Amino acid sequence: MEDNVTEVTPEDVTPDRNETDLQIRHSLRKQLHSQNDEVSKTEAVEETKEEDSEVETSAPAAQSEQIVYAPPADMNKAEKEAFLNPTSENSHVLQGYLNRRAHETRTQYDRKAQELNQLIERNSTVYNTIKQYEEDYAKEGISIQDVAKRSVAWDRAMKNNPYATAVEWLESYGISPEELVGENQTEYQEAEQEYLTRAEAERIAEERWQSMHQEQEKKAVEYMNQKIVESFMNQKPLFRDPETASQLEGEMAPVVRALTQTGRYSSQEEILETAYNYVVNGNPVFANLNQKLQAKPVIQQQMQATQRAKQAARSISGSAGSGTPRVVTKDIRDNLRRRMTGD
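Residues numbered from 1 in each chain as written. Predicted model: local features only at pLDDT ≥ 70, side-chain atom pairs only at ≥ 80, totals over all residues. Heavy atoms only, no water.

Any chance you could explain the layout of surface pockets here in plain terms?
The method is simple in principle: a probe with the dimensions of a water molecule rolls over the atoms, and the space it marks as empty is what remains. Taken as a whole, the largest pocket encloses approximately 430 Å³ of empty space. Lining of the largest pocket is provided by 13 residues; of these, Asn-99, Asp-241, Thr-244, Leu-289 and Leu-293 occupy positions nearest its centre. Partitioning the lining of the largest pocket into residue classes produces 4 nonpolar, 5 polar and 4 charged. (1 Å grid on protein atoms, 1.4 Å probe; cavity = no way out; pocket = protein on both sides within 12 Å on 5 of 7 lines; lining within 4 Å. Points joined across faces, edges and corners; volume = space filled by probe spheres on them. Nonpolar A, V, L, I, M, F, W, Y, C, P; charged D, E, K, R; others polar.)

Have a look at this one:
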């Protein structure tokens with residue numbers, strides 16, 4: 001009996017898989033990948049939050065460090081006390097210090113700027129004279145400083161020993177004194193002396209006198225204007241502080257100039273008063289300061305009037321402020337007579 005055996009090739013064997021199983025496996029694999037991605041994102045977010053929290057915790061620690069400042073060395077005793085223990089009562093002390101320092105800084109800056117401008121103006125003539133030949137000397141390897149030094153050196157040498165210096169100067173340019181005299185290159189001419197006529201002399205004297213008179217009048221006007229300005233500033237409380245006065249002067253200067261050019265004002269006092277009112281009323285800062293200064297005298301006057309009224313009430317016998325009226329009696333008989341009559 002032969003065995004019933006059938007040969008099977010690999011191509012004939014096919015796995016029996018259901019499509020539903022394949023879809024389930026695919027969906028599970030997809031969900032697994034998505035879960036892994038979410039876990040990684042969550043971990044990254046948590047790490048970022050941890051870093052931010054570390055930064056936030058370190059920031060308050062850095063901010064909590066308080067810096068202690070020492071008072072400036074140019075402060076006086078009261079200013080140092082106000083600097084170390086600032087309160088609303090001593091704030092005016094710090095304001096005065098800041099105002100004074102601003103005025104000193106501006107004054108020093110203006111003085112240094114003026115000194116620099118004067119130095120530039122004094123040296124500009126020398127520099128501009130040599131500058132036009134700077135390129136020529138530069139080609140020879142000579143700087144402007146060397147030119148100036150050589151000029152000063154020759155001038156001093158001529159004052160100390162003129163003949164030897166003159167010979168040395170000529171020889172430095174390749175010229176000998178003998179050749180100079182032999183060729184007769186120098187011609188001497190006598191200058192003709194000019195005489196002035198009487199009319200010309202009188203005219204020159206008159207011009208000089210007029211110039212001197214105008215200069216004296218100009219100085220007198222400047223002196224009078226300075227006195228008027230000083231008197232005006234002494235009458236205004238805003239000019240008591242140097243820094244406030246400096247700012248107020250800067251604001252008033254163009255206004256005073258414009259009012260002077262109009263020619264409608266008869267005196268300098270009127271011009272200054274008009275400019276002062278225009279600047280103070282138009283600037284909120286100056287207006288506020290002016291109101292505060294005007295309010296203080298009013299309050300002081302009211303307090304003084306109240307004090308005088310209280311003193312007057314105490315001095316009057318029988319007034320409401322003196323208690324029970326007193327009657328002066330001479331003796332017991334007068335007192336009995338007064339009581340019987342009902343006085």
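Where do I start with helix 9 (residues 242-262) in this structure?
Note on helix geometry: an α-helix contains 3.6 residues per turn, so any two residues three or four positions apart are oriented the same way. Between its first and last C-alpha atoms helix 9 spans 30 Å; for 21 residues at 1.5 Å apiece the expected length is 30 Å, and the two agree. A maximum bend of about 35° is found in helix 9 at Met-252, where proline Pro-254 lies one to four positions downstream. All of the buried residues in helix 9 are Glu-243, Thr-244, Ala-245, Leu-248, Met-252, Val-255, Val-256 and Leu-259. A distance of 3.4 Å separates the backbone nitrogen of Glu-243 from a side-chain oxygen at the start of helix 9, and that oxygen is part of Asp-241. Of the residues flanking the end of helix 9, it is Gly-263, one or two places downstream, whose phi is positive at about 75°. (Helix = DSSP H or I, 4+ residues; strand = E, 2+ residues; numbered from the N terminus. Expected span 1.5 Å × (residues − 1). Bend = angle between axes of the 7 residues up to and from the residue. Buried < 20%, exposed > 50% of the residue type's maximum accessible area, 1.4 Å probe, protein only. Polar contact = N/O pair within 3.5 Å; in protein donor to acceptor, adjacent residues only side chain to side chain.)

Would you mind showing me how to read the packing of aromatic side chains here?
The geometry of an aromatic ring pair is captured by two quantities: the separation of the ring centres and the angle between the planes. A full pass over the atoms with the stated rule returns 3 aromatic pairs. Relative to Phe-239, the ring of Phe-232 has its centre 6.3 Å away and its plane inclined at 65°; by these criteria the two rings are edge-to-face. Among the residues examined, Phe-239 registers a relative accessible area of 10% and is labelled buried. (Phe/Tyr/Trp six-rings, centres within 6.5 Å; stacked < 30°, edge-to-face > 60°.)

Where do I start with the environment of Pro-254 in this structure?
Note that Pro-254 resides in helix 9. By relative accessible area, which is 43% here, Pro-254 ends up partly exposed. On a C-alpha basis, the gap between Pro-254 and Ala-275 in space is 9.1 Å, while along the polypeptide they are 21 residues apart.

Even after reading the chapter, I still don't get the packing of helix 8 (residues 198-235) against helix 10 (residues 268-282), so can you show me in this structure?
The relative placement of two packed helices is expressed as an angle between their axes plus a distance between the axes. Taken N-terminus to C-terminus, the directions of helix 8 and helix 10 make an angle of 45°; their axes are 10 Å apart at the nearest point. Here helix 10 runs oblique to helix 8, going by the angle between their axes. For the crossing formed where helix 8 meets helix 10, the hand is right-handed. Residue-level contacts link Asn-225, Ile-228, Val-229 and Phe-232 of helix 8 to Gln-268, Glu-269, Leu-272, Glu-273 and Tyr-276 of helix 10. Considering only residue class, the contact of helix 8 with helix 10 consists of 5 nonpolar, 2 polar and 2 charged. (Axes fitted to C-alpha atoms, helices over the stretch in contact; angles between N-to-C directions. Parallel < 35°, antiparallel > 145°, perpendicular 65-115°, else oblique. Left-handed = near helix turned anticlockwise from the far one by under 90°. Contact = heavy atoms within 4.5 Å.)

Looking at this structure, how should I read the confidence of the model for the protein chain?
Where the model shows low pLDDT, its predicted coordinates should not be examined in detail. Of all residues in the protein chain, 65% have pLDDT values of 70 or greater, and the mean over the chain is 75. Helix 10 holds the highest mean pLDDT among the elements of the protein chain, 90, whereas helix 1 (residues 19-63) holds the lowest, 57. Between residues 188-192, whose pLDDT stays under 50, and residues either more than four places distant or in other chains, the model counts 0 contacts. (pLDDT = per-residue confidence, 0-100.)

How should the nonpolar core be read in this particular structure?
Counting residues in hydrophobic clusters, the biggest one holds 17 residues, and the most contacted among them are Phe-239, Leu-248, Met-252 and Tyr-276. Counting residues per element, the ones that place at least two in this core are helix 8, helix 9 and helix 10. Setting aside residues up to four positions removed in sequence, Phe-239 forms contacts with Phe-232, Met-233, Ala-245, Leu-248, Glu-249, Met-252 and Tyr-276. (Core = buried A, V, L, I, M, F, W, Y, C linked by side-chain atoms within 4.5 Å.)

Help me understand the packing of helix 9 against helix 10, please; the structure alone is not making it clear to me.
Close contact between helix 9 and helix 10 brings their axes to 9 Å; oriented N to C, the two are set at 130°. In terms of orientation, helix 9 and helix 10 fall into the oblique class. For helix 9 against helix 10, the interelement crossing comes out right-handed. Contacts from Leu-248, Glu-251, Met-252, Val-255, Val-256, Leu-259 and Thr-260 in helix 9 reach Ile-271, Leu-272, Thr-274, Ala-275, Tyr-276, Tyr-278, Val-279 and Val-280 in helix 10. Its residues placed into classes, the contact of helix 9 with helix 10 shows 12 nonpolar, 2 polar and 1 charged.

Can you help me understand the environment of Tyr-137 in this one?
Its location among the elements puts Tyr-137 in helix 4 (residues 134-139). For the pair formed by Tyr-137 and Val-147, sequence separation is 10 residues and the distance between their alpha carbons is 8.2 Å. Leave out the neighbours within four places in its chain, and Tyr-137 touches Ile-142 and Val-147.

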